[in-house]
Amino acid sequence: VKLLNEKARIFMQQGQLARAEQLFDSAILLNKQIPGFSKNKEKAYSYLYRSQLAHKQGLVSEAVTWCNMALQELHFRFRWSRAEDLPADPQAVISPVAFFEVLKQKALLLQLQAAQTGNNKYLDQALRTWLLAVQTTAYIKASFDNDEAHLFFNESNHGFYKAAALAAATLYETTGKEEYLEKYLQISEGFKGNVLYRNVQANAVRNDGVLPDSLLKQEASLKQLLAVFTTRLNQLSSSEGSEQVQKRITSLQFELSRLQKSFERYPQYTQMRHPQRGTSVSVADIRRFLPAHTAAIQYLWCDSVLLVFTATVKEAQLLKLAITPATQQQLNQYLSCLYGTPEGLRFAGYESAAQLYKHLFGTVSNGVHAKSSWIVFPDGPLNQLPFETLMPHPGRRRWLVESKTISYHYSFLLLLNQLPYPARMDTMFVAAPFAANGASLPGGYLSALPFSIQETDAFASVRLLNQGATKQKFLASAGSSSLIHLATHAYANEEALGTGQTFVQFA
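Cut-off values and rules
Residues numbered from 1 in each chain as written. Predicted model: local features only at pLDDT ≥ 70, side-chain atom pairs only at ≥ 80, totals over all residues. Heavy atoms only, no water. Helix = DSSP H or I, 4+ residues; strand = E, 2+ residues; numbered from the N terminus. Buried < 20%, exposed > 50% of the residue type's maximum accessible area, 1.4 Å probe, protein only. Contact = heavy atoms within 4.5 Å. Areas by Shrake-Rupley, 256 points an atom, 1.4 Å probe, with all protein chains shown as cover. Core = buried A, V, L, I, M, F, W, Y, C linked by side-chain atoms within 4.5 Å. Expected span 1.5 Å × (residues − 1). Arc of directions from axis to C-beta. Axes fitted to C-alpha atoms, helices over the stretch in contact; angles between N-to-C directions. Parallel < 35°, antiparallel > 145°, perpendicular 65-115°, else oblique. Left-handed = near helix turned anticlockwise from the far one by under 90°. Nonpolar A, V, L, I, M, F, W, Y, C, P; charged D, E, K, R; others polar. Pairing = 2+ DSSP bridges. Salt bridge = Lys/Arg side-chain N within 4 Å of Asp/Glu carboxyl O. 1 Å grid on protein atoms, 1.4 Å probe; cavity = no way out; pocket = protein on both sides within 12 Å on 5 of 7 lines; lining within 4 Å. Points joined across faces, edges and corners; volume = space filled by probe spheres on them. Phe/Tyr/Trp six-rings, centres within 6.5 Å; stacked < 30°, edge-to-face > 60°. Lys NZ or Arg CZ within 6 Å of the ring centre and 35° of its normal.

Student: Which parts of the structure should I look at to understand the overall build of the protein chain?
Tutor: Scanning the protein chain from N- to C-terminus turns up 19 helices and 10 strands. Relative to its 507 residues, the protein chain shows a buried fraction of 46%. Considering only contacts in the protein chain between residues 6 or more positions apart, those separated by 24 or more positions represent 66%. For the protein chain, the accessible area works out to roughly 25,500 Å², and carbon and sulfur atoms hold 51% of it.

Below, the structure is given as structure tokens:
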């Protein structure tokens, strides 16, 4: 069966579609001859490839049907009757990764039908399919510890998240329904926040000794067993054997769920996970979290479209901005000016700074512009852009940093679930070696920082100033401090580590 599938895929790639169809049908027929076995990953892949072939033949509706047959082959409880039907959950499947691949294919086909017909019902069906695919990726990450799961997340699956986000944004734009704004947030956070948040949380739990090693080893063992039995299920050829393995998988899933629920008996673990949110976030969560003077601005770079989600305590907004070749060229030119202007030459990026500001913020609401503090969530090439350097008023040449306090974050999920490490004022280390007027190193190449004294006034802790702020005292005291604040000169050059060109300067 595998051989027939691979040969057929080669013919399909070469454009010999009739020959590919014949071989795929032979693979499906051969699968059906296996006695007494109802679920088979290879048969599901034959259906998936048959869907891809029908797509190439221009038979989109037929291609969706083949996807439904593949989903039914992978899922133990799913029976389809309508093209838009979907399984209820991603757990009762013989191969979560194959299940994800079929969902992705079906969602793309439904989006194609929406584009061909102009009917938003297909786009809504595509979005529902994308959301189930997002749930499947979360399930794979949370429940499996094997090479297949690791490879799945190391491979580039960014495109499917962005296609899903575009579907949600388009539906929100055309209907104005808040449900699509929530779904967009679910997708964008699944892409940017969920996996990273789980890793941050897992590392904190392991490194801080919050949970006993015995429980962590038990969790790892259950995940590995779940992966082993799922792999075994794909290889069985008897109905009786597959039922026994499926029962074992179900038992392991319940056991893992019960074990992870038991973690909540440990207060520190419960504290690390926000009791009201866990691993999801809503628009209402964000608006409740934001201070009155703050706006959040999240970007998602989707090739030719930039999605912009903004939120304040009073409103939320989702915009679609075009990314034209001219926009990309302007961004590249501005970054080149910022990072590549030789010393002594006039800076030539003022116009680009103003044009980029107009493009990125020109259509956001007045409520966002009125806030004095912005939290920016960049994406794609915007990760290289220091937003502080943009210019709201080109004629006045005033940088954005002069009117806004700007901070950066990776995702709302991480922002709203920040680990609570309260800073104890009696264990804070503060050093300001250049606080005195006229303070400098011999040769004068590092000058005084007289305003750095103001950075230390609010701290009642270990407070070292001027000549007292030595490296030796830092090494002796800072390690036992809960927070370290250094108001001094520093320079980072990744290529010059160990040469003395990368440093933090003490007295």
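The structure having been displayed, the exposition proceeds.
Student: For this particular structure, what's the right way to read the nonpolar core?
Tutor: One recurring pattern in soluble globular proteins is that nonpolar side chains are buried together. Formed by 80 residues in total, the largest nonpolar core has its most connected members in Trp-130, Tyr-184, Ile-187, Ile-286, Leu-307, Phe-309 and Phe-412. The element that contributes the greatest number of residues to this core is helix 8 (residues 158-175), accounting for 10 residues. With 31 residues, the next largest nonpolar core counts Cys-337, Phe-347, Leu-385 and Leu-390 among its residues.

Student: Please clarify how helix 2 (residues 17-32) should be interpreted in this entry.
Tutor: Along an α-helix, a turn takes 3.6 residues, which lines up residues three or four apart on a common side. A rise of 1.5 Å per residue sets the reference length of helix 2, with its 16 residues, at 22 Å; its end C-alpha atoms lie 23 Å apart and thus fit the reference within 8%. Regarding helix 2, the residues found buried are Ala-20, Leu-23, Phe-24, Ala-27, Ile-28 and Asn-31. Buried residues in helix 2, looked at end-on, bunch into an arc of 140°, giving them a common side. Opposite the buried face of helix 2, by more than 90 degrees, sit the exposed residues Ala-18, Leu-29 and Lys-32. Packed against the buried residues of helix 2 are helix 1 (2-13), helix 3 (41-56) and helix 4 (60-74).

Student: Help me understand the packing of helix 4 against helix 5 (residues 96-117) in this model?
Tutor: To characterise two packed helices, one gives the angle between the axes of the helices and the distance between these axes. Helix 5 packs onto helix 4 with a crossing angle of 155° between their chain directions and a minimal axis gap of 9 Å. In terms of their interaxial angle, helix 4 and helix 5 are classed as roughly antiparallel. By crossing handedness, the relation of helix 4 to helix 5 is classed as left-handed. Contacts between helix 4 and helix 5 involve Val-60, Ser-61, Ala-63, Val-64, Cys-67, Asn-68, Ala-70, Leu-71 and Leu-74 from the first element and Ala-98, Phe-99, Val-102, Leu-103, Gln-105, Lys-106, Leu-109, Leu-112, Gln-113 and Gln-116 from the second. Here the contact of helix 4 with helix 5 is built from residues that sort into 13 nonpolar, 5 polar and 1 charged.

Student: I tried to follow the sheet that holds strand 8 (residues 483-486) on my own but got confused; where do I start?
Tutor: Within a sheet, each strand pairs with its neighbour through backbone hydrogen bonds, oriented either parallel or antiparallel. Overall, parallel pairing links the 3 strands, which are arranged 7-6-8 in an open sheet. Looking at which strands have only one partner, the edges of the open sheet turn out to be strand 7 (462-465) and strand 8. Taken over all neighbouring pairs, the strand axes of this sheet differ in orientation by 10° on average, direction set aside.

Student: Is there a simple way to think about the pattern of salt bridges in this case?
Tutor: Pairing between side chains of opposite charge can happen when their charged atoms approach one another. Enumeration according to the criterion identifies 14 salt bridges in this entry. In this structure, Glu-6 engages Arg-9 in a salt bridge whose closest nitrogen and oxygen atoms are separated by 3.2 Å. Of this pair, Glu-6 and Arg-9 both sit in helix 1, 3 residues apart, roughly one helical turn. The class for Glu-6 is partly exposed, based on a relative accessible area of 38%. Between Glu-21 and Arg-50 there is a salt bridge whose closest N-O contact spans 3.0 Å. A residue pair is termed long-range when its members are at least 10 positions apart, and Glu-21 in helix 2 and Arg-50 in helix 3 qualify at 29 residues. Taking relative accessible area as the criterion, Glu-21 reaches 27% and is therefore assigned partly exposed. With relative accessibility at 5%, the residue Arg-50 sits in the buried group. The network of salt bridges with shared partners includes Glu-21, Asp-25, Arg-50 and Glu-62.

Student: Would you mind going over the pairing of strand 4 (residues 373-377) with me for this structure?
Tutor: Within a regular beta strand, the side chains point alternately toward one face of the sheet and then the other, so they alternate between its two faces. Among the 5 residues that make up strand 4, 5 are buried, leaving the element largely enclosed by the rest of the structure. Burial along strand 4 is two-sided: the face carrying Ser-373, Ile-375 and Phe-377 and the face carrying Trp-374 and Val-376 are both buried.

Student: Looking at this structure, how should I read empty space enclosed by the protein?
Tutor: Take a probe with the size of a water molecule and roll it over the atoms, and the empty space left behind shows itself. Inspection of the entire model under this criterion finds 3 cavities of 30 Å³ or more. Of the volumes computed, that of the second largest cavity is approximately 50 Å³. In this structure, the second largest cavity is lined by Trp-301, Leu-306, Ile-323, Thr-327, Leu-331, Leu-356, His-359, Leu-360 and Leu-382. Going through the elements one at a time, helix 14 (325-340) and helix 15 (350-361) are the ones with two or more residues in the lining of the second largest cavity. Residue classes in the lining of the second largest cavity are distributed as 7 nonpolar, 2 polar and no charged.

Student: Can you walk me through the packing of aromatic side chains in this structure?
Tutor: Working definition: an aromatic ring pair is given by the centre-to-centre distance plus the angle between the planes. Here the structure, examined in full by the defined rule, presents 20 aromatic pairs. Here the aromatic cluster, defined as three or more aromatic residues joined through ring pairs, consists of Tyr-299, Tyr-357, Phe-361, Trp-374, Phe-387 and Tyr-408. Of note, Arg-397 hangs over the ring of Tyr-350, and the distance from its end group to the ring centre comes to 3.9 Å.

Student: For this particular structure, what's the right way to read the packing of helix 3 against helix 5?
Tutor: Remark: helix 3 packs on helix 5, axes separated minimally by 10 Å, with the N-to-C direction vectors making an angle of 20°. In this view, helix 3 runs roughly parallel relative to helix 5, as classed from their interaxial angle. At the point where helix 3 passes helix 5, the crossing takes the left-handed sense. On helix 5, the residues touching Lys-41, Tyr-45, Leu-48, Ser-51, Gln-52 and His-55 of helix 3 are Ala-98, Glu-101, Val-102, Gln-105, Leu-109 and Leu-112.

Student: Is there a simple way to explain the sheet that holds strand 5 (residues 405-408) in this structure?
Tutor: Spatially, the 5 strands line up as an open sheet ordered 3-2-1-4-5, and their pairing is mixed. Of all the strands in the sheet, just strand 3 (316-322) and strand 5 have a single pairing partner and so form its edges. Direction aside, the axes of adjacent strands within the sheet are offset by 20° on average. Sheet topology note: the strand 1 (residues 294-302)/strand 2 (residues 305-311) ladder contains 7 bridges and is antiparallel. Each residue of the ladder has a partner; that of Trp-301, found in strand 2, is Leu-306.

Student: What is the right way to look at the environment of Val-1 in this model?
Tutor: Within the fold, Val-1 resides in the segment before helix 1. Setting aside its immediate chain neighbours within four residues, Val-1 contacts Ala-27, Leu-30, Asn-31, Glu-42 and Ser-46.

Student: What is the right way to look at the environment of Leu-446 in this model?
Tutor: As for its placement among the helices and strands, Leu-446 is situated in the loop between strand 6 (428-432) and helix 18 (452-456). Residue classification places Leu-446 among the buried residues on the basis of a relative accessible area of 10%. Separated by 59 residues in sequence, Leu-446 and Gln-505 have C-alpha atoms that sit 9.1 Å apart.

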